[in-house]
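Fold and geometry: a report
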Amino acid sequence: GAMTSQEILRLRNECTEAFEVEWTTEDQISKIDSVLKSIYRDWSIEGKEERSVVYAKLLSALDKYLPIRSNDDRGPPRVAVPGSGLGRLAFEIYSKGYSSQGSDFSLPMLLASDFILNGCTDRRQFAISPWIHETKNVKSLQDRLRTVNVPDVVATVDPSNDGEVAPDFTMLAG
């Protein structure tokens, strides 16, 4: 059968003592785990319901309090999205016609967002197992190995502006 987490830790300790192998830290594993679960929520069909609980309210508020006016010479309203993680909310805001700028300070999130936003060319291009490291609320190894395909949309930044000022979409570190 599959190794338990205790067996993996024992093997890791034995290998570290014998070969002085550098393993990842629990903090690094935690960050990867967080990124995988965020990719599931933000960029999969299966995560749509979870993200729409918050995103729908924010997008509706933008429409209500900061509507896009087609006759505005200044271009579309600009929206900053601090703590944007993988950039899905910033991308949804951009997709509605706003200029959107997301930012995050987490290097793992920024690397993953760059990959999703700039490296994916097809819908459902990659299969991930976001629960691979999960040890709670799992009945079997199959629960941990269950895959989801990402991204659910290809994040292309190619507005057809018909002569109008086009919206911008950027992601920043910091």
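Residues numbered from 1 in each chain as written. Predicted model: local features only at pLDDT ≥ 70, side-chain atom pairs only at ≥ 80, totals over all residues. Heavy atoms only, no water.

Looking at the packing of aromatic side chains
Pairs of aromatic rings are described using the distance from one ring centre to the other and the angle between the two planes. This model, assessed by the stated rule, comprises four aromatic pairs. Ring centres 4.9 Å apart and planes at 65° place the aromatic pair Tyr40 and Trp131 in the edge-to-face group. Taken together, the residues Tyr40 in helix α2 (residues 26-43) and Trp131 in the loop between β3 (126-128) and α6 (141-145) connect sequence positions 91 residues apart. Across this residue pair, the class does not change: Tyr40 and Trp131 are buried. Ring centres of Phe91 and Tyr94 lie 6.1 Å apart, and the angle between their planes is 35°; on these two criteria the pair is classed as tilted. With Phe91 and Tyr94 both in helix α4 (residues 88-95), this residue pair falls three residues apart, about one helical turn. Among the aromatic residues, ring-to-ring pairing joins Trp43, Phe91 and Tyr94 into one connected group. (Phe/Tyr/Trp six-rings, centres within 6.5 Å; stacked < 30°, edge-to-face > 60°. Helix = DSSP H or I, 4+ residues; strand = E, 2+ residues; numbered from the N terminus. Buried < 20%, exposed > 50% of the residue type's maximum accessible area, 1.4 Å probe, protein only.)

Comments concerning the confidence of the model for the protein chain
Per-residue confidence for the protein chain averages 84 on the pLDDT scale, and 84% of its residues sit at or above 70. The least confident element of the protein chain, judged by mean pLDDT, is helix α1 (residues 5-19) at 67; the most confident is strand β4 (residues 148-150) at 96. Confidence drops under pLDDT 50 across residues 161-165; counting only partners more than four residues distant or on other chains, this segment forms five contacts. (pLDDT = per-residue confidence, 0-100. Contact = heavy atoms within 4.5 Å.)

Observations regarding the sheet that holds strand β5 (residues 169-173)
The strand order across the open sheet formed by three strands is β1-β2-β5, and the pairing between neighbours is parallel. Because the sheet does not close on itself, it has two edges, and the strands there are β1 (78-82) and β5. With direction set aside, neighbouring strand axes in the sheet form an average angle of 15°. With five bridges joining them, β1 and strand β2 (residues 99-104) adopt parallel strand pairing. Residue pairing for β2: Val79 is matched across the bridge by Ser100. Along the sheet, helix α5 (residues 107-119) makes contact with β2 and β5, crossing β5 at roughly 155°. (Pairing = 2+ DSSP bridges. Axes fitted to C-alpha atoms, helices over the stretch in contact; angles between N-to-C directions.)

A closer look at unusual backbone geometry
In this model, Val150 is joined to Pro151 through a cis peptide bond whose omega is -10°. Mapped onto the fold, Pro151 is located in the loop between β4 and β5.

Things to note about the pattern of salt bridges
A complete count under the given rule lists eight salt bridges for this structure. Where Asp33 meets Lys37, a salt bridge forms, and the shortest distance between an N and an O atom there is 3.2 Å. Of this pair, Asp33 and Lys37 both sit in helix α2, four residues apart, which is roughly one turn of that helix. Residue class for Lys37 comes out partly exposed when judged on its relative accessible area of 24%. Between Lys37 and Glu134 there is a salt bridge; the shortest N-O distance is 2.6 Å. Of this pair, Lys37 sits in helix α2 while Glu134 sits in the loop between β3 and α6, and the two are 97 residues apart along the sequence. When salt bridges that share partners are traced, they join Arg51, Arg88, Glu92 and Asp152 into one network. (Salt bridge = Lys/Arg side-chain N within 4 Å of Asp/Glu carboxyl O.)

Describing the nonpolar core
What tends to happen in soluble globular proteins is that the nonpolar side chains get buried as a cluster. The biggest cluster of nonpolar side chains holds 28 residues, and the ones touching the most others in it are Ile39, Trp43 and Ile93. If you list the elements that add at least two residues to this core, you get α2, α3 (48-65), β1, α4, α5 and β4. Setting aside residues no more than four positions away along its own chain, Ile39 makes contact with Ser44, Leu86, Ala112, Ile116, Ile128 and Val150. (Core = buried A, V, L, I, M, F, W, Y, C linked by side-chain atoms within 4.5 Å.)

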